[in-house]
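Observations on the model geometry
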Amino acid sequence: MGMGKTGDMFRVKICGVTNVEDAVAAAAAGADAVGLNFYARSRRYLDPRRAEAVAAALPEGVVRVGLFVNALPDFIHMLAARLRLQAIQLHGDETAAQLAHLADLPLIKAFACHQRAHADIADYVAECRRQGILLRMILLDAAVAGQYGGTGQTADWDAAAALAADRSLPPVVLAGGLNATNVRQAIERVRPAAVDTAGGVERAPGVKDHAAMKAFVAAATAAMNST
């Protein structure tokens, strides 16, 4: 499986897409990755039975990312094959040992980003490498106790900048509270490889605002092209 229109990564991702209309609009807005959320407790949960139509609506060149939280490897493999997912984003408490069962898939691991996270993330990545697991990217989200992301809170940008500058780590995807008005500042501060938004482009949880998606992608792309 490949990732993205620009080699082995994407730059702008719209996450939590739950219907065909929003999938088409995200692609038309210029997003080069779309996230489908299979965490049943999320407000942006996409029933796997409805996911086939949503995934099929995405044109070639838009990366189909499946988001999972502490899911069984067999379930992830099944959906990856059925939906032709091109990346698997793991947002839970998955250990490096558990990732070994998914090592044949392109993996993105999400982490809560705070001032003390750097050493823990570096240790996790190193353990993955020892077990022959390649993380294609790491996603940095806000650190909110008891939550696996999707809170709308911003990550610690200073901590994220240090992680993004650490060339021993995989490319960084910055998430957490991003929208069209703050994404340029976030990119200039952090210099991530990619950015990710869900709530920042919504009218309601799981219902995207098409104008907001277009504005977000335009702002993010312009900022990335100028940094």
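A few points on the structure.

Side note on the overall build of the protein chain
If you tally the helices and strands in the protein chain, you get eight helices and ten strands. A compact globule built from 227 residues would reach a C-alpha radius of gyration of about 17 Å, and the protein chain, at 16 Å, matches this within 12%. On the principal axes, the C-alpha backbone points of the protein chain span a range of 40 × 40 × 35 Å. Intrachain contacts of the protein chain at a sequence separation of at least 6 include 65% that bridge at least 24 residues. Across the protein chain, 23 positive and 22 negative side-chain charges occur, with their mean positions spaced 4 Å apart.

Things to note about the packing of aromatic side chains
Across all of its chains, the model carries three aromatic pairs by this definition. Between the aromatic rings of F68 and F75, the centroid separation amounts to 6.0 Å while the plane-to-plane angle is 85 degrees, which identifies the pairing as edge-to-face. In this structure F68 comes out as buried when scored by relative accessible area, which is 0%. Take F75: its relative accessible area is 28%, and that puts it in the partly exposed class. Seen from their ring centres, F111 and Y124 are 5.2 Å apart, and the 85 degrees between their planes marks the pair as edge-to-face. Taken together, the positions of F111 in strand β5 (residues 107-113) and Y124 in helix α5 (residues 117-130) put the pair 13 residues apart, joining distant regions of the chain. Pair check on accessibility: F111 and Y124 agree, each one buried. Three or more aromatic residues joined by ring pairs make a cluster, and in this case those are F38, F68 and F75. Sitting above the plane of the F111 ring, K109 keeps its charged end 5.1 Å from the centroid.

So, the packing of helix α1 (residues 20-29) against helix α8 (residues 210-226)
Packing of α1 against α8 leaves a shortest axis separation of 9 Å and a crossing angle of 30 degrees. Compared by their axis directions, α1 and α8 come out roughly parallel. For the pair α1 and α8, the crossing hand works out as right-handed. Contacts from E21, D22, A25, A26 and A29 in α1 reach H210, M213, K214 and V217 in α8. Class assignment for the residues of the contact of α1 with α8 results in five nonpolar, one polar and three charged.

Side note on the sheet that holds strand β7 (residues 172-174)
One closed barrel accounts for eight strands, arranged β1-β2-β3-β4-β5-β6-β7-β8; its pairing is parallel. Along the sheet, successive strands turn relative to each other by an average axial angle of 30 degrees, direction set aside. Bridge count for β5 against strand β6 (residues 135-142) is seven bridges, and the pairing is parallel. If you follow F111 over to β6, its bridge partner there is L140. Helix-sheet contacts for helix α6 (residues 157-165) involve β5, β6 and β7, and the interaxial angle to β7 is about 160 degrees.

Concerning the pattern of salt bridges
Applying the stated criterion across every chain, the model contains ten salt bridges. Measuring nitrogen to oxygen at the nearest pair gives 3.5 Å for the salt bridge that ties E60 to R84. Placement of E60 in the loop between α2 (48-56) and β3 (63-68) and of R84 in the loop between α3 (73-83) and β4 (87-90) is noted, with a sequence separation of 24 residues between them. For E60, a relative accessible area of 62% corresponds to the exposed category.

Procedures and definitions
Residues numbered from 1 in each chain as written. Predicted model: local features only at pLDDT ≥ 70, side-chain atom pairs only at ≥ 80, totals over all residues. Heavy atoms only, no water. Helix = DSSP H or I, 4+ residues; strand = E, 2+ residues; numbered from the N terminus. Rg over C-alpha atoms; globule rule 2.2 N^0.38 Å. Contact = heavy atoms within 4.5 Å. Lys, Arg positive; Asp, Glu negative; His and termini not counted. Charge placed at Lys NZ, Arg CZ, Asp CG, Glu CD. Phe/Tyr/Trp six-rings, centres within 6.5 Å; stacked < 30°, edge-to-face > 60°. Buried < 20%, exposed > 50% of the residue type's maximum accessible area, 1.4 Å probe, protein only. Lys NZ or Arg CZ within 6 Å of the ring centre and 35° of its normal. Axes fitted to C-alpha atoms, helices over the stretch in contact; angles between N-to-C directions. Parallel < 35°, antiparallel > 145°, perpendicular 65-115°, else oblique. Left-handed = near helix turned anticlockwise from the far one by under 90°. Nonpolar A, V, L, I, M, F, W, Y, C, P; charged D, E, K, R; others polar. Pairing = 2+ DSSP bridges. Salt bridge = Lys/Arg side-chain N within 4 Å of Asp/Glu carboxyl O.

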